[in-house]
Amino acid sequence: HDCSKTSCSMSSTNESVPNKCQAGFYTTPGNVKMQEIDTPALKDCIDGTVLLQGLYTTICGSDMLYVHQPRDIDSCCGASVHEVVARVLDVKGDNWQGLQKDQIVLALPSNYMTSGIFRDVPEEEAKRLREGIPLTGGLSEYFLSHASHCYPLPPRNTWAKGLQPHHFTAAQPLGTILWMCRQCPNLLHKNVIVLGQGQNGQIATNLVASMGARRVIAMDVLEGRLTMSTQMGATHTVQVELDNLQHSLDKVQEITEGKGADVVLEMVGHQESTINFCIDLVADSGIIVAFGVPGNHVYGEFAFATLFRKNAHLFGSVFPCAHEDFPFAVELIAQGRVYVQPIFNTPAFEMAEAPTAFYRCIHEKETVMKIIIKLREDAHELAEKLCT
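Conventions and cut-offs
In every chain, residue numbers begin from 1 and rise along the written sequence. Only residues with pLDDT of at least 70 get local features here, since the model is predicted, and only at 80 or more are side-chain atom pairs given and counted; chain-wide, interface and lining totals rely on the full set of residues. Processing note: side-chain calculations cover all non-hydrogen atoms of the structure and skip hydrogens and water entirely. Grouping buried Ala, Val, Leu, Ile, Met, Phe, Trp, Tyr and Cys residues that are joined through side-chain atoms within 4.5 Å yields what is termed a nonpolar core. Summary of the burial criterion: residues with accessible area below 20% of their type's maximum are buried, those above 50% are exposed, and those between are partly exposed, where the area comes from a 1.4 Å probe applied to protein chains only. The way it works is that DSSP assigns letters per residue, a run of H or I at least four long becomes a helix, a run of E at least two long becomes a strand, and they are numbered from the N terminus. Here, strands pair whenever DSSP counts at least two bridges between them. Pairing of aromatic rings covers Phe, Tyr and Trp, the last through its six-membered ring, and needs centres within 6.5 Å; plane angles under 30 degrees mean stacked, over 60 mean edge-to-face, and all others mean tilted. Charge over a ring is defined by NZ of Lys or CZ of Arg lying within 6 Å of the ring centre and within 35 degrees of the ring normal. Two cysteine sulfurs form what is called a disulfide whenever their separation falls within 2.5 Å. Look down the strands so they point away from you; if the path from the first strand over the helix to the second goes clockwise, the crossover is right-handed. With axes taken as lines fitted to C-alpha atoms, and helix axes fitted only over the stretch in contact, angles between N-to-C directions fall between 0 and 180 degrees. For classification purposes, an angle smaller than 35 degrees is called roughly parallel, one larger than 145 roughly antiparallel, one from 65 to 115 roughly perpendicular, and anything else oblique. Here is the rule for handedness: rotate from the far helix to the near one, and if that takes an anticlockwise turn smaller than a right angle the crossing is left-handed, while a clockwise turn gives right-handed. Any two residues whose heavy atoms approach within 4.5 Å at even a single point are treated as in contact.

Draft legend 1. The arrangement of the nonpolar core in detail. Grouped together as the largest cluster of nonpolar side chains are 73 residues, with contacts concentrated most on Phe168, Leu174, Ile177, Met180, Leu265, Met267 and Ile333. At seven residues, helix 10 (residues 322-334) tops the list of elements feeding residues into this core. Within the second largest apolar cluster, 34 residues are counted, among which are Tyr26, Met34, Phe358 and Val368.

Rendered as structure tokens:
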């Protein structure tokens, strides 16, 4: 799809939307380029399509895969970026589904909707949504979504102490983590390992701790990340030594009194070895949940015999029940019941600095957790004003 099929429109606030805007594109592996595009518009879109003005976006762990191995749908303006706090400018037709003009929302760009999110949507309606809205990603000043996939932020005076508007970008990954945890057994009294303490692993650690796990064991190869894990609720931390995995396994056995982990959450993805490591970590009859996005279609060294002889269960978790998990994630963050503030550990980047933001995410994993990109210079002031 082209990002724009028509000239500019006017928002419901009588603010003129420009004919041109800035958007990011993936170029060579690992690189992003900003360029001018025709502003996406609503003409020719299906009813319920939303034109949004981006305020804040961020870089997800899956974007770290797609910037190196883009899918066909990631060639659109805004690329694969999909965690966005945005302002509702206009909706095609009368199908607003409770949205209001100038409302600040967590918005799922049309690219993300196309990638497979429609778990809870009948196939005929999913097909209509996929084909009726041009592809746009979230690294863009303006982008498209659908009213059914925009989730309003609550009034500012109801937010937990210390929350800022950009923190709600974390509601998108939290929604996917909620779906993962919905598929897990009761975690009370359980030993739970969260393997990988990047941004999603940190959120998972905090959620698992609040679900009553007896031991929450955070594991990562980077020592700096594990310091944050304790803030997020980990009861124990283990630095993984890639050249001595047995040492890490021994530590887990010591922590769990020789039982191993009842549940292992694989939050890394992109590589085959982590799944095999999870199989070594899990207890007999335990559960492994593969949350991290796989880097290959076939894992040729998969340790199936070990999994089999442990009577262990392995399942994947991707794409939540959108109309339940994403609004609930917004609520949990607003109420302070899931603690996301520590993962935003760098100053915000301006939109023109997005290529640098990606570079830092790729090359400075020891110190960079979740980066915020401001899609508008006055994003903070505007969000504070409109979140009333």
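Let us keep going from here.
Draft legend 2. Region of the structure containing the environment of Pro70. For Pro70, the location among the structural elements is in the loop between helix 1 (61-66) and strand 4 (83-91). In this structure the C-alpha to C-alpha distance between Pro70 and Ile371, which are 301 residues apart in sequence, comes to 20 Å.

Draft legend 3. Looking closely at the pairing of strand 5 (residues 104-107). Residue alternation in strand 5 divides its side chains into two sets, Ile104 and Leu106 and Val105 and Ala107, and both sets are buried. Of the pairings in the sheet, the one linking strand 4 to strand 5 comprises four bridges and is antiparallel in character. Note on strand 5: the bridge partner recorded for Val84 is Ala107. In this structure, strand 5 lies alongside strand 7 (residues 150-152), joined through three bridges in antiparallel fashion. Across the sheet, Leu106 pairs through a bridge with Tyr151, a residue of strand 7.

Draft legend 4. Structural detail: unusual backbone geometry. Phi at Asn311 is positive, roughly 55°, even though this residue is not glycine. The exposure class assigned to Asn311 is exposed, which follows from its relative accessible area of 54%. The phi dihedral of Phe319 is positive, around 60°, even though this residue is not glycine. As for its position among the elements, Phe319 is in the loop between strand 13 (313-316) and helix 10.

Draft legend 5. Structural detail: the packing of aromatic side chains. Inspection of every chain in the model, using the stated rule, returns six aromatic pairs. The ring of Tyr66 has Arg71 lying over it, and the distance from NZ or CZ to the ring centre is 3.7 Å.

Draft legend 6. The arrangement of the state of the cysteines in detail. Enumeration over the complete set of coordinates arrives at zero disulfides. For Cys321, which is in no disulfide, the shortest distance to another cysteine sulfur is to Cys181 and amounts to 15 Å. The exposure class assigned to Cys321 is buried, which follows from its relative accessible area of 9%. With no disulfide of its own, Cys361 has Cys60 as its nearest cysteine by sulfur position, at a separation of 10 Å.

Draft legend 7. Structural detail: the pairing of strand 13. Two strands pair when backbone bridges link them, and strand 12 (residues 282-290) and strand 13 are joined in this way by four bridges, in the parallel orientation. Bridge pairing in strand 13 links Ala290 to Gly316. Of the crossover connections in this fold, the one passing from strand 12 over helix 9 (residues 304-309) to the parallel strand 13 is right-handed.

Draft legend 8. Molecular detail of the environment of Leu52. Secondary-structure assignment places Leu52 in strand 3 (residues 49-58). Between the alpha carbons of Leu52 and Val238 there is a distance of 43 Å; along the sequence they are 186 residues apart.

Draft legend 9. View of the sheet that holds strand 10 (residues 236-239). What the six strands build is an open sheet, ordered 10-9-8-11-12-13; its pairing is parallel. The two strands at the open ends of the sheet, each matched to only one other strand, are strand 10 and strand 13. Neighbour to neighbour, the strand axes of the sheet diverge by 20° on average, direction disregarded. Pairing of strand 8 (residues 191-195) with strand 11 (residues 261-266), which is carried by four bridges, proceeds in the parallel orientation. By the bridge assignment for strand 11, Val192 is matched with Val263.

Draft legend 10. Layout of the packing of helix 4 (residues 171-182) against helix 10. Viewed as axis vectors pointing N to C, helix 4 and helix 10 meet at an angle of 115°, and their least axial separation amounts to 8 Å. Between helix 4 and helix 10, the angle is such that the two are roughly perpendicular. Handedness of the helix 4/helix 10 crossing: right-handed. Together, Ala171, Gln172, Leu174, Gly175, Thr176, Leu178, Trp179 and Arg182 of helix 4 and Glu324, Asp325, Phe326, Phe328, Ala329, Val330, Leu332 and Ile333 of helix 10 make up the contact between the two elements.

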